[in-house]
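Observations on chain architecture
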Amino acid sequence: MTFGIVLLIRADLGSAPWDVLHIGLHKQLGLTVGSWTIIVGIFVLFSSAVLGKQLPKLGAFLNMLFCGIFIDMYLLIPWLKTPETFTGQLVMLITGVIIMAYGMAIYISANCGAGPRDSLMLVLMQKTKMKVEWIRFSMEIVVLFIGWLLGGPVGIGTIIFCLTIGHATGIALPQCQKVVKAWLENNSMKVAKQGKSFNFIE
């Protein structure tokens, strides 16, 4: 998922709303983009915990931590540069959206807890009784506006991302859920067979 995020950043056509915020904070206050991903994630998780009156699952913390670490790692790759042509930038952007969608689908399929932003979205949905799409849209607009004020990269890529990420994730999620379910069932069968073998030996 984070490799997809970095492809969007390197395409230099405008990033996803939350990354616009992270890059804006990086420009104004220093630290790395990955560091701000973690810091903002901590604040969002804390807000979710206070509003929802329950601690987030372990997956939410791991999502926040690994996203920040891997964003900084991928940004250090020397050959991962902005293409010289608009067509190249557009291909990089679309590739990033697809990879990001499948990355999100894989971690959601693990069912170990939503990430910080998704956790806040779910809590706000429960508190306000608003539809999830309106909650998500409102969050993205607020974050995008703040990021833009801080100098984050807003452009045609931001619009393309907002229009396509939902559809791309909608396609990727059922596929990944099917694969993860089959993998877990296969492993469960192996463990069960091993258990029977040990019982037989005993």
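Residues numbered from 1 in each chain as written. Predicted model: local features only at pLDDT ≥ 70, side-chain atom pairs only at ≥ 80, totals over all residues. Heavy atoms only, no water.

1. Points about the overall build of the protein chain
Counting its regular elements, the protein chain contains eight helices and zero strands. The C-alpha extent of the protein chain, read off along each of the three principal axes, is 65 × 40 × 30 Å. In the protein chain, buried positions account for 40% of the 202 residues. Intrachain contacts of the protein chain at a sequence separation of at least 6 include 76% that bridge at least 24 residues. Summed over its atoms, the accessible surface of the protein chain is roughly 12,100 Å², and 71% of this surface lies on carbon and sulfur atoms. (Helix = DSSP H or I, 4+ residues; strand = E, 2+ residues; numbered from the N terminus. Buried < 20%, exposed > 50% of the residue type's maximum accessible area, 1.4 Å probe, protein only. Contact = heavy atoms within 4.5 Å. Areas by Shrake-Rupley, 256 points an atom, 1.4 Å probe, with all protein chains shown as cover.)

2. Quick notes on the packing of helix H1 (residues 2-11) against helix H4 (residues 58-75)
Relative to each other, H1 and H4 sit at 45°, their axes nearing to 9 Å. Considering their axes alone, H1 and H4 lie oblique with respect to each other. Crossing geometry of H1 relative to H4 is assigned as right-handed. Facing Thr2, Phe3, Ile5, Val6, Ile9 and Arg10 of H1, the residues of H4 in contact are Phe66, Cys67, Phe70, Ile71, Tyr74 and Leu75. In the contact of H1 with H4, the residues fall into ten nonpolar, one polar and one charged. (Axes fitted to C-alpha atoms, helices over the stretch in contact; angles between N-to-C directions. Parallel < 35°, antiparallel > 145°, perpendicular 65-115°, else oblique. Left-handed = near helix turned anticlockwise from the far one by under 90°. Nonpolar A, V, L, I, M, F, W, Y, C, P; charged D, E, K, R; others polar.)

3. Describing the nonpolar core
Leu8, Ile71, Leu75, Leu80, Val97, Phe161 and Ile165 are the most contacted members of the largest nonpolar core, which has 24 residues in total. Those elements that place two or more of their residues in this core are H1, H4, helix H5 (86-109) and helix H8 (156-201). No other element matches H5, which puts seven residues into this core. Apart from the residues lying within four places of it in its own chain, the contact partners of Phe161 are Leu8, Ala16, Pro17, Val97 and Met100. (Core = buried A, V, L, I, M, F, W, Y, C linked by side-chain atoms within 4.5 Å.)

4. Some thoughts on a nonpolar patch on the surface
Residues Leu58, Phe61, Leu62, Leu65, Phe66, Ile69, Phe70 and Met73 make up a contiguous nonpolar surface patch of roughly 710 Å² in combined accessible area. Locating Met73 in the fold gives a position in helix H4. Residue class for Met73 comes out partly exposed when judged on its relative accessible area of 46%. (Patch = residues over 30% accessible without salt bridge, like charges linked within 9 Å, V, L, I, M, F, W, Y side chains within 5 Å. Salt bridge = Lys/Arg side-chain N within 4 Å of Asp/Glu carboxyl O.)

5. Topic: the packing of aromatic side chains
Per the stated rule, a full pass over the model turns up four aromatic pairs. Plain terms: the ring middles of Phe3 and Tyr74 are 5.1 Å apart, the flat faces sit at 65° to each other, and that makes the pair edge-to-face. Residue Phe3 is located in helix H1, and its partner Tyr74 is located in helix H4; the two are separated by 71 residues in the primary sequence. For Tyr74, a relative accessible area of 25% translates into the label partly exposed. (Phe/Tyr/Trp six-rings, centres within 6.5 Å; stacked < 30°, edge-to-face > 60°.)

6. Topic: H1
Each full turn of the α-helix corresponds to 3.6 residues, which orients residues three or four apart in the same direction. Of all the ten residues making up H1, eight are buried; the element is thus mostly covered by neighbouring parts of the structure. Inspection of H1 places Thr2, Gly4, Ile5, Val6, Leu7, Leu8, Ile9 and Ala11 among the buried residues, and these make up the whole buried set. With its phi angle positive at about 60°, Asp12 sits one or two positions after the end of H1.

7. Some remarks on helix H3 (residues 33-52)
For H3, with 20 residues, the first-to-last C-alpha span of 28 Å sits near the 28 Å given by 1.5 Å per residue. For H3, the full list of buried residues reads Val33, Gly34, Trp36, Thr37, Ile38, Val40, Gly41, Val44, Leu45, Ser47, Ser48 and Ala49. Backbone geometry just downstream of H3 places Lys53 in the positive-phi region, at approximately 55°. (Expected span 1.5 Å × (residues − 1).)

8. As for unusual backbone geometry
One non-glycine residue with positive phi stands out, namely Asp12, at about 60°. Position of Asp12 among the secondary structure elements: in the loop between H1 and helix H2 (17-29). Its identity as a non-glycine residue notwithstanding, Leu31 has a phi of 60°, on the positive side. Assessed through its relative accessible area of 52%, Leu31 is described here as exposed.

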